[in-house]
Amino acid sequence: MSASTLARTASVSRVLAWRALILVRRMPAVFIPSLVMPLFILVATSGAFHGISAVPIGTSSYLAFTLPFATIMGAGFAGINAGMTLARDIEGGFVDRLISSPAPRLSLVAGPFTAAAVRSLFTTTVVFAAGWIGQLPLPGVAGTIGVYAMAACFAMATACWSMGVALRARTVQAAPMMQLVVFILVFTSVAYAPRDLQTGWLRTVSDWNPVTRILEFSRSAEFQKMTWAGLWPALVSIAVLMLVFGSFALYGLSRLGND
Amino acid sequence: MSPAVLQTAALARRSIKSTFRFPQAWFPSLFFPLVLMAIFTASFGRSIAFIPGFPKVDGFLSFAVTGAIVQGVLISAVGAGAFFAGDIEGGFFDRLASSPASRSAILLSRLCASVVLAAGQATFFLLIAVIFGATVKGGVVGALIVIVLAALLAVPIGGLGVYLALRTGSAEAVQGTFPLFFALMFFSSTFFPRETMTGWFQIVADINPISHLVEGMRVQIIRGVDWQAAGVSLAIIVGLAILSVGACAISLRRRLEGNA
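Here the residue index of a chain counts from 1 through its sequence in written order. Naming scheme: in the order in which they are written, chains are lettered from A and ligands are numbered from 1. A pLDDT threshold of at least 70 governs which residues receive local features in this predicted model, and a stricter bar of 80 or more applies before side-chain atom pairs are shown or counted, although totals over entire chains, interfaces and linings include all residues.

Novice: Break down the overall build of chain A for me, citing the residues and quoting the values.
Specialist: Counting its regular elements, chain A contains 10 helices and 0 strands. Note on conventions: DSSP H or I runs of at least 4 residues are helices, E runs of at least 2 residues are strands, and numbering of each starts at the N terminus. Listing every helix and strand of chain A by position from the N terminus yields α-α-α-α-α-α-α-α-α-α. The globule rule is 2.2 Å times the number of residues to the power 0.38, and the radius of gyration it is compared with is taken over C-alpha atoms. For a compact globule of 259 residues, the expected C-alpha radius of gyration is about 18 Å, and chain A comes in at 19 Å, within 12% of that figure. Considered along the principal axes of its C-alpha atoms, chain A spans approximately 60 × 35 × 35 Å. Within the span of chain A, comprising 259 residues, buried residues form 49% of the whole. With C-beta atoms placed from the backbone, a contact is any residue pair whose C-beta atoms sit within 7 Å. For chain A, long-range pairs separated by at least 24 residues make up 82% of all intrachain contacts whose partners lie at least 6 apart in sequence. The burial label depends on the number of other C-beta atoms within 10 Å of a residue's C-beta. Counts of 20 or more mean buried, 12 or fewer mean exposed, and intermediate counts mean partly exposed, with C-beta atoms placed from the backbone.

Novice: Tell me about the overall build of chain B, residues and numbers included.
Specialist: A count of helices and strands for chain B gives 11 helices and 0 strands. Helices and strands appear in chain B in the N-to-C order α-α-α-α-α-α-α-α-α-α-α. Overall size of chain B, expressed as C-alpha extent along the three principal axes, is 60 × 40 × 35 Å. Across the 260 residues in chain B, those meeting the buried criterion constitute 50%.

Novice: Outline the interface of chain A and chain B, listing residues and values.
Specialist: Interface extent is often summarised as the accessible area lost during association of the parts. Opposite the 20 residues of chain A that make contact, chain B presents 22 residues. Counting residues per element, the side of chain A that touches chain B draws most heavily on helix 2 (residues 28–48) of chain A, at 4 residues. All amino acids are sorted into three groups, where Ala, Val, Leu, Ile, Met, Phe, Trp, Tyr, Cys and Pro are nonpolar, Asp, Glu, Lys and Arg are charged, and the leftover types, Gly among them, are polar. Here the side of chain A that touches chain B is composed, by residue class, of 13 nonpolar, 7 polar and no charged.

Novice: So, the confidence of the model for chain B: which residues are in play, and what are the values?
Specialist: Residue and element names in this part refer to chain B. pLDDT: the predictor's confidence for each residue, scored from 0 to 100. Here chain B averages 88 in pLDDT, and 98% of its residues register 70 or above. No element of chain B has a lower mean pLDDT than helix 7 (residues 171–175), at 74, and none a higher one than helix 10 (residues 209–222), at 96. For this predicted complex, the interface confidence score (ipTM) comes to 0.87, while the overall pTM stands at 0.87.

Novice: Break down the packing of helix 3 (residues 62–92) of chain A against helix 5 (residues 107–133) of chain A for me, citing the residues and quoting the values.
Specialist: Residue and element names in this part refer to chain A. Fitting a line to C-alpha atoms yields each axis, with helices limited to the stretch in contact; the angle taken between N-to-C directions then spans 0 to 180 degrees. Relative orientation of the contacting elements helix 3 and helix 5 amounts to 150 degrees, with a least axis distance of 8 Å. In terms of their interaxial angle, helix 3 and helix 5 are classed as roughly antiparallel. The chirality of how helix 3 crosses helix 5 is right-handed. For classification, angles of less than 35 degrees are called roughly parallel, those exceeding 145 degrees roughly antiparallel, those between 65 and 115 degrees roughly perpendicular, and all remaining angles oblique. Should the near helix be turned anticlockwise from the far one by less than a right angle, the crossing is termed left-handed; should it be turned clockwise, right-handed.

Novice: Can you explain the environment of B:I147? Please cite residues and give values.
Specialist: Residue and element names in this part refer to chain B. In this fold, I147 is placed in helix 6 (residues 139–168). You can call I147 buried: it has 21 C-beta atoms within 10 Å. Each C-alpha atom, one on I147 and one on L160, is 20 Å from the other, the two residues being 13 residues apart in sequence. Ignoring any residue separated from it by four or fewer positions in sequence, one finds I147 in contact with A119, A122 and T123.

Novice: So what about helix 10 (residues 228–255) of chain A? Which residues, and what values?
Specialist: Expected span of a helix, by definition, is 1.5 Å for each gap between consecutive residues, and there is one gap fewer than residues. Taking 1.5 Å per residue as the helical rise, helix 10 of chain A with its 28 residues ought to reach 40 Å, and the 40 Å between its terminal C-alpha atoms agrees with that figure. Inspection of helix 10 of chain A places A:A234, A:S237, A:I238, A:L241, A:F245, A:G246, A:A249 and A:G252 among the buried residues, and these make up the whole buried set.

Novice: Summarise the environment of A:S100; cite the residues concerned and give the values.
Specialist: Here A:S100 is to be found in the loop between helix 4 (94–99) and helix 5. Here the alpha-carbon distance between A:S100 and A:A17, two residues 83 residues apart in the chain, equals 19 Å.

Novice: I'd like a description of the confidence of the model for chain A, backed by residues and values.
Specialist: Confidence in the prediction for chain A averages 89 pLDDT; 96% of positions are at 70 or higher. The least confident element of chain A is helix 1 (residues 3–26) of chain A, whose mean pLDDT is 77; the most confident is helix 9 (residues 210–222) of chain A, at 96.

Novice: So what about unusual backbone geometry? Which residues, and what values?
Specialist: Residues and elements named next belong to chain A. Despite not being glycine, Q135 has its phi angle at roughly 70 degrees, a positive value. Inspection of the secondary structure assignment puts Q135 in the loop between helix 5 and helix 6 (140–169). For R170, which is not a glycine, the phi torsion comes out positive at approximately 60 degrees. Mapped onto the secondary structure, R170 falls in the loop between helix 6 and helix 7 (175–187).

In structure tokens form, the structure reads like this:
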């Protein structure tokens, strides 16, 4: 890719990302669930399973334990939103118009991809604010950056997955499929309990689930116990998710308009 | 047999058949409760012995199965409401209304179908739980109480779905109410005992009728047959059913009069 193409891709992507972000104002119903659901998860999970605080989970507060789960779910919803926006644009004919224009094709996914990362900053902030209201201490500068970074990376990975689905299904009706995989990935990680407490099949699945390392590092960032031994598995997990879901999205993009 | 009964049976059969014909109608109501039950059991199974206030149970699965049953009834009842709304959107309801079919059959058939499906669903969840190691302390009688209560629970929840369908005439709007029901379940003792909760959350769970409804069913599994607890569950179901079926009947009349 030449420097001028790269610059054009970046420029169009920036416009498309902005367009996806201001959709919040035009269609708040699309964005509100991605703000409400992480809050619901934070409050309902920490309240319902408060009793788990009595067992060794690395903290005496199940609310603190749940916070990274809520930020990651918020990021997942931000990623799903990217896929739904693209699907709606395909259905509405906007993507067809864009393909027939000189705009670089890559910007079709790069725009919503960037928007997902930015949206995750909002959802993470909302979850942090709710945690603060619930009397959770803020995790310091490094810890806060760690939690935000994990959420943003997960949002980008799930955006790739959701856009891959959107590029194949070409309808917003495929939203449940986007959600299902994200939910299963997060719920079968260490969302509700640390690996030491898990039993049977879930322990095996969460050992292999890349979201486990992302969530574990996010928790260690929240508790200000970040280590390199916790960071590199999280980075590898993010790389694996990006590679798999990114290839899925790019292959879908390459086939767009060919049939 | 009166024509109204025959019509109710025929329409209920149609509802049940249409549910099985579309996987999207029955799959979520089986898949999601089972997956959550499996995840919660594997996440919390080791911890419950160390949690003050957690009732003595043979395993978390025995505790969790009631929550899965109620969740399943909830999802399928909302789905039933959405299908009813689909009948309104597709014009089937209007054709039925302009035929000599009994008005009460239109409503009762949908509720009867929900009852039959909920009974089957509860039986299936109990069987799965027992296969994976849950014990039903109440034995066959306890299991039957749970199944009957789950089946009856389909009346108020299904009724609410039908009410929303009659009010909005939109399947999407009915499906959109699911998060509300799901929140009601989380802010109750459906998934974890009230004794382990604290503060405002415990107060909400205490006043949430779903808590008492679920506990009356759960006790049959984790402690043994308890008619008094079953009576409390039944009273809550009957109370909710009077409200939701009454609202349905009023909405049905309004829609038939052309005011909806």
